[in-house]
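Structural overview
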Amino acid sequence: MLDREDWLPLARKLDWEFSYTTEQQVFPEVISGHPWLPQSSWQDWEESFKTSYREYVQNQHEKDMAVYAVRDAVGRLENVQSLATPWINGLKIHAAALPLAEFTGTIGNLRGARFGRDSAWRAMACFGALDEFRHTQIPLLLMHELVRWNSQFDWAHKFYHTNNWFAIAARHFFDELTLGQNAIEFHIATNVILETGFTNLQFVGLASLAHEAGDYLFEKMVTSIQTDEARHAQIGHPVLTLVMKHDPDYAQYLIDKWFWRNWHLFSILTGVSMDYLTARDQRSGSFKEFMDEWIVDQFFRTLDEFGLKKPWYWDIFLDELDTYHHMIYSTAYTYRSTLWFDFVMPSPSDRKWLRQKYPKYWNDMDAVWERIGERWKAVGPGPDNERLVLGSALPAFCELCQLPLSAGTPHNNTANVLAHEGNDFIFCSQPCRWIFLREPERYANHKGLVKRVLSGEAPTDFKALLTYFSLTPDTWGKDVYAGDYDWLQRGGAATP
Amino acid sequence: MPLPLYGFMEGDTIGLLIVADEQESVRSLAGKLRDAAGLRVDGSCHTDVVYRGIVLDPDSTLAQADFKPLQRFDLRRNHGLSESRYSR
């Protein structure tokens with residue numbers, strides 16, 4: 001019997017020359033990706049960590065058993081119920097956003113497993129597809145237990161099947177990133193940007209907060225997922241190396257585009273959880289500090305490794321680090337009934353902490369919370385008064401990222417309108433506008449929420465819109481305390 | 001004729017869809033945005049409607065001000081300048 005070292009290199013590299021068809025027909029550029037190169041250009045493609053199917057299955061089995069052991073020990077309903085209520089609501093965000101997004105990763109990896117240009121790449125992508133399927137099943141399994149207690153956890157499976165505004169944005173992102181993407185762009189965008197970078201926010205930063213919050217099940221789940229990500233993310237780097245060699249401008253474009261797209265989505269997913277839905281004494285750092293440590297540094301290492309430049313919008317990004325998720329959270333708080341999780345107002349001590357961490361624009365943000373607090377004080381706390389502390393005009397959304405027009409600062413919202421081939425499009429920021437203009441044929445026909453409303457496809461009446469968002473009085477988001485904050489009712493305490 | 005516009009009130013954290021009418025006054029449009037954003041921003045000192053970089057006369061209609069659908073307008077705080085800036 002051959003030793004592993006003898007048969008694995010042979011098994012990984014099983015490419016051959018086609019005799020009855022052409023390489024272009026087997027690997028069309030439209031689905032294999034740009035630049036199209038003959039297989040001989042890819043034959044030195046190497047993954048840094050090599051594994052066999054037998055080893056893969058053994059490792060995954062052991063990891064699954066470890067997750068189940070933690071579930072059996074600390075994953076009972078009463079364990080979750082004992083967590084802080086704001087944290088539980090942060091959990092609902094991730095429970096909804098994670099599982100089916102991971103499933104789209106299965107599809108993307110399967111595209112790489114068929115249309116990747118080297119057999120070793122295809123084999124690794126096959127493992128990647130199995131990984132992503134695991135990442136779909138584990139959170140669905142663990143969250144399913146919680147549905148009988150709190151129906152908002154039903155969104156773990158439901159979210160991507162709804163017309164909720166945030167689901168429209170998340171679908172727009174993952175449809176492009178994973179479901180409808182060619183193999184080269186998928187692996188660069190997903191492996192190099194998302195998995196080497198941004199998922200660190202979830203799987204490292206948020207995992208450490210989960211530990212502090214006592215949510216050991218979530219911690220175990222995401223760290224187990226991260227071990228898979230670290231393996232299959234290595235596919236993207238040798239792909240990027242070759243694209244950089246043959247078309248460096250295109251490589252730079254993919255990096256710039258996908259860093260920005262990831263940034264907007266993850267600043268909401270993770271920024272809100274870290275800075276607002278984690279108890280202050282359980283925060284080991286701010287979202288911005290996590291971004292600096294886990295994303296910006298890592299991203300610079302990637303740029304250096306490949307000889308890439310900083311994205312042209314870097315100063316805009318650095319400014320948004322101080323503002324974007326704060327703009328989104330304060331807006332979303334006033335539209336909480338349009339979402340499937342509950343919100344909490346930042347207390348005076350929270351706001352003091354936020355001012356220390358985000359001094360540049362916090363005065364402007366604080367004025368908004370002050371105003372909302374004044375409304376609660378005027379109407380008084382209680383579930384019956386929730387509707388009096390809600391916005392009712394339809395928010396507007398960016399026609400690239402599909403997220404609210406909340407970029408810039410309260411005094412300088414950066415939304416901008418573009419006339420393109422007889423139609424007007426609005427974007428939250430210059431980078432979103434730039435991405436649209438690079439590939440307008442890809443984006444122009446997407447119908448965002450505002451255009452659905454104006455065309456009659458979605459209702460104009462706000463209450464009917466909540467039904468369109470698949471929300472009911474039981475499931476739509478509320479203030480966790482229904483405005484009943486001691487610090488608010490003491491009078492004049494809204495200002496920290 | 002209904003005129004959907006994107007309204008941005010200074011100090012707010014979101015742009016809002018405001019559906020107006022071409023024959024409506026600029027002042028009325030400002031009032032709609034002020035009401036819509038009022039939960040987050042005190043609108044009492046927001047008096048200037050800015051469209052395509054121009055401060056508009058509050059008494060002009062949206063048609064006179066040449067508003068087009070799905071364009072941005074801003075409601076800015078008045079910093080003490082007089083209405084003589086307006087031109088029709």
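You'll find the structure just up there.
The shown structure was predicted, so the numbers you read here are calculated from the model rather than taken from an experiment. (Residues numbered from 1 in each chain as written. Chains lettered and ligands numbered in written order. Predicted model: local features only at pLDDT ≥ 70, side-chain atom pairs only at ≥ 80, totals over all residues. Heavy atoms only, no water.)

A short note on the sheet that holds strand S1 (residues 2–9) of chain B
All names here are of chain B. Ordered by their spatial adjacency, five strands build an open sheet running S2-S1-S5-S3-S4, and the pairing between neighbours is mixed. Only two strands of the sheet have a single neighbouring strand rather than two, namely strand S2 (16–21) and strand S4 (54–55). Alignment of strand S3 (residues 46–51) against strand S5 (residues 72–77), held across five bridges, turns out to be antiparallel. Bridging across to S5, Asp 48 finds its partner in Arg 76. Against the sheet, helix H1 (residues 26–37) touches S1, S2, S3 and S5, its axis set at about 150° to S2. (Pairing = 2+ DSSP bridges. Helix = DSSP H or I, 4+ residues; strand = E, 2+ residues; numbered from the N terminus. Contact = heavy atoms within 4.5 Å. Axes fitted to C-alpha atoms, helices over the stretch in contact; angles between N-to-C directions.)

Thoughts on the packing of helix H7 (residues 85–97) of chain A against helix H15 (residues 248–275) of chain A
Residues and elements named next belong to chain A. For the pair H7 and H15, interaxial distance at closest approach is 9 Å and the crossing angle is 160°. The angle between the axes of H7 and H15 places the two elements in the roughly antiparallel class. Considering only the axes of H7 and H15, their crossing is left-handed. From H7, Gly 90, Ile 93, His 94 and Ala 97 reach across to H15, where they touch Leu 269, Thr 270, Val 272 and Ser 273. (Parallel < 35°, antiparallel > 145°, perpendicular 65-115°, else oblique. Left-handed = near helix turned anticlockwise from the far one by under 90°.)

Considering the pattern of salt bridges
Residues and elements named next belong to chain A. A full pass over the atoms with the stated rule returns 43 salt bridges over all chains. We note a salt bridge from Arg 280 to Asp 350, for which the minimum N-O separation is 3.7 Å. One end of the pair, Arg 280, is in the loop between H15 and helix H16 (287–306); the other, Asp 350, is in helix H19 (residues 348–357), and 70 residues separate them in sequence. With relative accessibility at 36%, the residue Arg 280 sits in the partly exposed group. (Salt bridge = Lys/Arg side-chain N within 4 Å of Asp/Glu carboxyl O. Buried < 20%, exposed > 50% of the residue type's maximum accessible area, 1.4 Å probe, protein only.)

Some remarks on the interface of chain B and chain A
Every contact between the two is made by 24 residues of chain B and, on the other side, 32 residues of chain A. With both sides pooled, the region where chain B packs onto chain A buries about 2300 Å², and carbon together with sulfur makes up 60% of that total. Of all residues in chain B, the largest losses of buried area upon contact with chain A belong to Thr 13, Leu 39 and Arg 40 of chain B, amounting jointly to 30% of the total for that side. In this assembly, chain B and chain A are joined by one salt bridge. A salt bridge links Arg 371 of chain A to Asp 42 of chain B, with the shortest nitrogen-to-oxygen separation between them at 3.9 Å. Run the count over chain B and chain A and you get 14 residue pairs in polar contact (both at pLDDT 80 or more). If you list the elements that add at least two residues to the side of chain B that touches chain A, you get S1, S2 and S5 of chain B. Sorting elements by how many residues they give to the side of chain B that touches chain A places S1 of chain B first, with four residues. Class assignment for the residues of the side of chain B that touches chain A results in 12 nonpolar, five polar and seven charged. (Buried area = accessible area lost by both parts, 1.4 Å probe. Polar contact = N/O pair within 3.5 Å; in protein donor to acceptor, adjacent residues only side chain to side chain. Nonpolar A, V, L, I, M, F, W, Y, C, P; charged D, E, K, R; others polar.)

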